[in-house]
Amino acid sequence: MTNKPTFWLRCEKKEFERRAALTPTTSKKLIDAGFDIIVERDEQRIFDDAEYEAVGCTLVANNSWPAAPTDVPIIGLKELPESEEPLPHTHIQFAHCYKKQAGWSKVLSRFHRGGGTLYDIEFLNDPTGRRVAAFGFHAGFSGAAAGALALVAQRKGAPLGLLTPYENEGAMIAQVKQLLGGSGKGVRALVIGALGRCGRGAVDLFRKIGLDEDDIVKWDMAETAKGGPFDEILDVDIFVNCIYLSSQIPAFIDHAHIAAAGPTRRLSVIVDVSCDTTNPFNPIPVYNINTTFDKPTVPVAVGAGNPPLSVVSIDHLPTLLPREASEQFSADLLPSLLEFPARQTAPVWAQAERLFQSKLGEAAAVEGL
Ligand SMILES: NC(=O)c1ccc[n+]([C@@H]2O[C@H](COP(=O)([O-])OP(=O)(O)OC[C@H]3O[C@@H](n4cnc5c(N)ncnc54)[C@H](O)[C@@H]3O)[C@@H](O)[C@H]2O)c1
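Note that the structure is predicted; figures quoted are calculated from it, not measured.

1. Some remarks on the site of the ligand
Move 1: Neighbouring the ligand are 22 residues; Cys-198, Asp-220, Thr-224, Val-273 and Leu-317 lie closest to it.
Move 2: Between the ligand and the protein, one listed contact pairs an oxygen atom with a backbone N or O atom of Gly-196 at 3.2 Å.
Move 3: Contact between the ligand and Arg-197: an oxygen atom at 3.0 Å from a side-chain N or O atom of the residue.
Move 4: Across the complex, the protein chains shield 80% of the 870 Å² of accessible surface that the ligand would expose by itself.
Move 5: Elements that contribute at least two residues to the shell around the ligand include exactly helix 6 (197-208) and helix 7 (221-224).
Move 6: Along the lines of polarity and charge, the residues of the shell around the ligand split into 13 nonpolar, five polar and four charged.

2. What about the UniProt feature "active site" (unreviewed entry) in the protein?
Move 1: When the UniProt feature table is mapped to this numbering, "active site" (unreviewed entry) covers Lys-78 and His-96. Taken along the chain, the residues just named run across 19 residues; in space they keep tight, none of their C-alpha pairs more than 8.6 Å apart. Among the annotated residues just listed, those that line the second largest pocket are His-96.
Move 2: Here Lys-78 shows up in the loop between strand 4 (74-75) and strand 5 (90-93).
Move 3: Residues contacting Lys-78, with those up to four places away along its chain left out, are Arg-10, Glu-12, Lys-14, Glu-17, Arg-19, Gln-93, Phe-94 and His-96.

3. Digging into the nonpolar core
Move 1: Counting residues in each nonpolar core, the largest one holds 42 residues, and the members touching the most others are Phe-206, Ile-209, Ile-238 and Val-240.
Move 2: Elements with a minimum of two residues in this core: helix 4 (136-156), helix 5 (169-179), strand 7 (189-192), helix 6, strand 9 (238-241) and strand 10 (269-272).
Move 3: With eleven residues, the single largest contributor to this core is helix 4.
Move 4: For Ile-209, the contacting residues outside a window of four places in its chain are Ala-148, Ile-173, Val-176, Lys-177, Leu-180, Ser-183, Gly-184 and Lys-185.
Move 5: By size, the runner-up hydrophobic cluster in this structure holds 34 residues, among which are Cys-57, Leu-334, Leu-337 and Ala-346.

4. Remarks on helix 11 (residues 347-367)
Move 1: Over its 21 residues, helix 11 runs 30 Å from end to end, which matches the ideal 30 Å to within 8%, given 1.5 Å per residue.
Move 2: The inward-facing, buried residues of helix 11 contact strand 5, helix 3 (104-114), strand 6 (117-120) and helix 10 (322-339).

5. A short note on the environment of Lys-100
Move 1: Its place among the elements puts Lys-100 in the loop between strand 5 and helix 3.
Move 2: On a C-alpha basis, the gap between Lys-100 and Asp-49 in space is 36 Å, while along the polypeptide they are 51 residues apart.
Move 3: In this structure the side chain of Lys-100 is engaged in a polar contact, spanning 2.8 Å, whose partner is the side chain of Glu-362.

6. Regarding the environment of Trp-219
Move 1: With respect to the helices and strands, Trp-219 occurs in strand 8 (residues 216-219).
Move 2: Remark: the alpha-carbon pair of Trp-219 and Val-298, spanning 79 residues in sequence, is separated by 25 Å.
Move 3: Look past the residues within four positions of Trp-219 in its chain and what remains in contact with it is Leu-190, Val-191, Ile-192, Gly-193, Ala-194, Thr-224, Lys-226, Phe-230 and Glu-232.

7. Let's talk about the packing of aromatic side chains
Move 1: If you walk through the whole model with that rule in mind, you get 13 aromatic pairs.
Move 2: With a centroid separation of 5.8 Å and 75 degrees between ring planes, the pair formed by Phe-111 and Phe-356 is classed as edge-to-face. In this pair, Phe-111 is assigned in helix 3 and Phe-356 in helix 11, connecting sequence segments 245 residues apart. We note that Phe-111, like Phe-356, is buried.
Move 3: Where Phe-230 meets Phe-252, the ring centres are 5.8 Å apart and the plane angle is 45 degrees; that geometry is what we call tilted.

8. Some words on helix 6
Move 1: For helix 6, with twelve residues, the first-to-last C-alpha span of 17 Å sits near the 16 Å given by 1.5 Å per residue.
Move 2: Buried within helix 6 are the following residues: Cys-198, Gly-199, Gly-201, Ala-202, Val-203, Asp-204, Leu-205 and Phe-206.
Move 3: Looking at the packing, one finds that the buried side of helix 6 touches helix 4, helix 5, strand 7, strand 8 and strand 9.
Move 4: Downstream of helix 6 by a residue or two, Gly-210 has a phi angle that is positive, lying close to 100 degrees.

9. Points about the domain arrangement of the protein
Move 1: Examined at the domain level, the protein breaks down into domain 1 (6-123 + 322-367) and domain 2 (136-320).
Move 2: On a C-alpha basis, the centroid separation for the pair domain 1 and domain 2 is 33 Å.
Move 3: Of the residues lining the interface, ten residues belong to domain 1; the matching set on domain 2 comes to ten residues.
Move 4: Buried surface at the junction of domain 1 and domain 2, both sides included, amounts to about 850 Å², of which 53% is carbon and sulfur.
Move 5: Applying the counting rule to domain 1 against domain 2 returns one salt bridge.
Move 6: Here Glu-167 ties to Arg-18 by a salt bridge, and the two come within 3.9 Å at their closest N and O atoms.
Move 7: Scanning the region where domain 1 abuts domain 2 turns up two residue pairs in polar contact (both at pLDDT 80 or more).
Move 8: Residues that form the side of domain 1 that touches domain 2 fall into these classes: four nonpolar, one polar and five charged.

Criteria and cut-off values
- Residues numbered from 1 in each chain as written.
- Predicted model: local features only at pLDDT ≥ 70, side-chain atom pairs only at ≥ 80, totals over all residues.
- Heavy atoms only, no water.
- Near = heavy atom within 4 Å.
- Polar contact = N/O pair within 3.5 Å; in protein donor to acceptor, adjacent residues only side chain to side chain.
- Areas by Shrake-Rupley, 256 points an atom, 1.4 Å probe, with all protein chains shown as cover.
- Helix = DSSP H or I, 4+ residues; strand = E, 2+ residues; numbered from the N terminus.
- Nonpolar A, V, L, I, M, F, W, Y, C, P; charged D, E, K, R; others polar.
- UniProt positions renumbered as here; feature names shortened; annotations may be inferred.
- 1 Å grid on protein atoms, 1.4 Å probe; cavity = no way out; pocket = protein on both sides within 12 Å on 5 of 7 lines; lining within 4 Å.
- Contact = heavy atoms within 4.5 Å.
- Core = buried A, V, L, I, M, F, W, Y, C linked by side-chain atoms within 4.5 Å.
- Buried < 20%, exposed > 50% of the residue type's maximum accessible area, 1.4 Å probe, protein only.
- Expected span 1.5 Å × (residues − 1).
- Phe/Tyr/Trp six-rings, centres within 6.5 Å; stacked < 30°, edge-to-face > 60°.
- Domains from an automatic or database assignment.
- Buried area = accessible area lost by both parts, 1.4 Å probe.
- Salt bridge = Lys/Arg side-chain N within 4 Å of Asp/Glu carboxyl O.

And the structure:
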């Protein structure tokens, strides 16, 4: 081990997770800036070990981070497997334990007992309060693709089957276009939240599969200000919801509106990227479960004699495009990673550490530590 600033990229243990917090591209940029990058071998990751080796990373055994020197920060994406083991390292990852999710205090108590620190990536914000890195764009992009695939399946009269991650964006676009008969031309889509990260991704996918620009209807705050339900949603093939829901708003669409549209309704697929499924203010109150890669759609009750309507409500859509989603996320995280050695004074990290200390205090009180 050298005295250079170092990150240790750990393997991911969550099933189906092929994304990485550090890609070979960002690893190379960190190495060029004077960092050492240690990478655990991981067959699950979309990037080959050799891609990291080729840019100068040091490869180590899978899941060997617990034995790493405690002054080396460990970076990963998803939560660690459940355990009682104390955590003495600094971890940079999504931990899903700051909003009192199930088991939150147990997770934090591991840091308390080990003396380690958690920098939760979900709460790394720039001085304007905007998250420095999020997976939104590829959630919208993949969600729109899943919507197009669901439309094809519905036209064939069968439910959409298993979705599996694509090697890259080109493979996804080629498959969607091929199943649409060569191009998405003629399909009409409405994206709400079109100015946000997810919304821009959805619009991009629809462009890339060949929809006419006039057939990609883009709405954001201005267009929904009049209040729903909206007839316009019933007049497209695919409706993609990408809003960030922060308060109660009138429903965008509801059962009565769908039934009233009768047998001439065009709307066939709703993709709820926002997935506020169990939120009492869910603006799409026509379904109540999150769908999965193996069962991507849930049917909506539409009334006898009316055409079918299905919803895609998968809450981990970027996993469908692990390579591009990782590249974009890691590139967004890079400027903050470069500041990490000065984390005591860098606002992004200092703020995240204060938040960790306050959550640690709450957990210690709950756990009686
Ligand atoms: N399903 C998934 O896999 C997945 C992945 C990532 C993010 N998400 C979710 O997607 C949602 C959007 O995330 P984002 O990063 O794109 O957020 P964002 O803040 O970048 O964009 C949200 C957009 O919604 C718009 N908006 C908010 N309220 C609206 C309204 N009432 N009418 C019209 N537009 C409205 C905003 O103006 C903004 O342009 C979040 O709820 C996020 O948790 C889901």
